[in-house]
Amino acid sequence: MRHLVERLFGSRTARHRRADGAPYRSRYCVPMLPAQVRDRRFRRARFGRRGLDPDDVRRFLDRVALELADAQEAAERARRETVRIKDALRRWQSEQTRSRDRYALHR
């Protein structure tokens with residue numbers, strides 16, 4: 001998804017990563033809430049133009065795209081971690097079953 005965002009909006013997404021793999025954000029950058037997206041109002045275009053201010057809309061879309069990419073990356077990391085944990089649990093259960101079967105044979 002990050003590659004799609006970069007292709008659409010340029011490479012303006014966060015490049016620095018923390019040790020846990022999450023994008024680095026300044027402590028002043030608070031994640032957006034869904035209500036902020038729904039309630040967002042844009043300025044009118046400058047005198048002589050109709051519609052919304054394109055720069056204002058572009059900044060907002062860039063931020064929403066970054067937030068969406070971050071959320072999808074976090075979901076993917078969680079999915080991979082879930083698969084890893086399930087595999088480890090299956091291996092452990094198999095080892096426990098083999099151990100129990102060996103013990104039962106020697107009784």
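What counts, and where the lines are drawn
- Residues numbered from 1 in each chain as written.
- Predicted model: local features only at pLDDT ≥ 70, side-chain atom pairs only at ≥ 80, totals over all residues.
- Heavy atoms only, no water.
- Helix = DSSP H or I, 4+ residues; strand = E, 2+ residues; numbered from the N terminus.
- Buried < 20%, exposed > 50% of the residue type's maximum accessible area, 1.4 Å probe, protein only.
- Contact = heavy atoms within 4.5 Å.
- Areas by Shrake-Rupley, 256 points an atom, 1.4 Å probe, with all protein chains shown as cover.
- Expected span 1.5 Å × (residues − 1).
- Polar contact = N/O pair within 3.5 Å; in protein donor to acceptor, adjacent residues only side chain to side chain.
- Salt bridge = Lys/Arg side-chain N within 4 Å of Asp/Glu carboxyl O.
- pLDDT = per-residue confidence, 0-100.

## Description of the overall build of the protein chain
Then comes step 1: Summing up its helical and strand segments, the protein chain has 3 helices and 0 strands in all.
Then comes step 2: Along the protein chain, from the amino end to the carboxyl end, the secondary structure elements read α-α-α.
Then comes step 3: Taken over 107 residues, the protein chain has a buried fraction of 17%.
Then comes step 4: Counting contacts in the protein chain only where the partners sit at least 6 residues apart, residues at least 24 apart contribute 48% of the total.
Then comes step 5: Looking at the protein chain as shown, the accessible area adds up to about 9,200 Å², and 55% of this sits on carbon and sulfur atoms.

## Here we look at helix H3 (residues 54–105)
The periodicity of an α-helix, 3.6 residues per turn, causes residues three or four positions apart to be oriented the same way.
Then comes step 1: A rise of 1.5 Å per residue sets the reference length of H3, with its 52 residues, at 76 Å; its end C-alpha atoms lie 76 Å apart and thus fit the reference within 8%.
Then comes step 2: Considered for burial, the residues of H3 that qualify are Asp 56, Phe 60, Asp 62, Ala 65, Leu 66, Glu 67, Ala 69, Asp 70 and Glu 73.

## Let's talk about the environment of Asp 87
Then comes step 1: Along the polypeptide, Asp 87 turns up in helix H3.
Then comes step 2: Side chain to side chain, Asp 87 and Arg 90 meet in a polar contact 3.1 Å long.

## Regarding the pattern of salt bridges
Then comes step 1: One pass over the full model with this rule turns up 9 salt bridges.
Then comes step 2: For Arg 40, the salt bridge is made with Asp 56, and the minimal N-O distance between the two is 2.8 Å. Placement of the pair is Arg 40 in the loop between helix H2 (34–39) and H3 and Asp 56 in helix H3, with a sequence separation of 16 residues.
Then comes step 3: For Asp 56, a relative accessible area of 7% translates into the label buried.

## Regarding the environment of Phe 42
Then comes step 1: Summarising the element assignment, Phe 42 is placed in the loop between H2 and H3.
Then comes step 2: Among residues more than four places away in sequence, those in contact with Phe 42 are Leu 52, Asp 56, Val 57 and Phe 60.

## Things to note about the confidence of the model for the protein chain
Then comes step 1: Per-residue confidence for the protein chain gives a mean pLDDT of 78; residues scoring 70 or more make up 73%.
Then comes step 2: Looking across the protein chain, the model is least confident in helix H1 (residues 2–9), with a mean pLDDT of 58, and most confident in H3, with 90.

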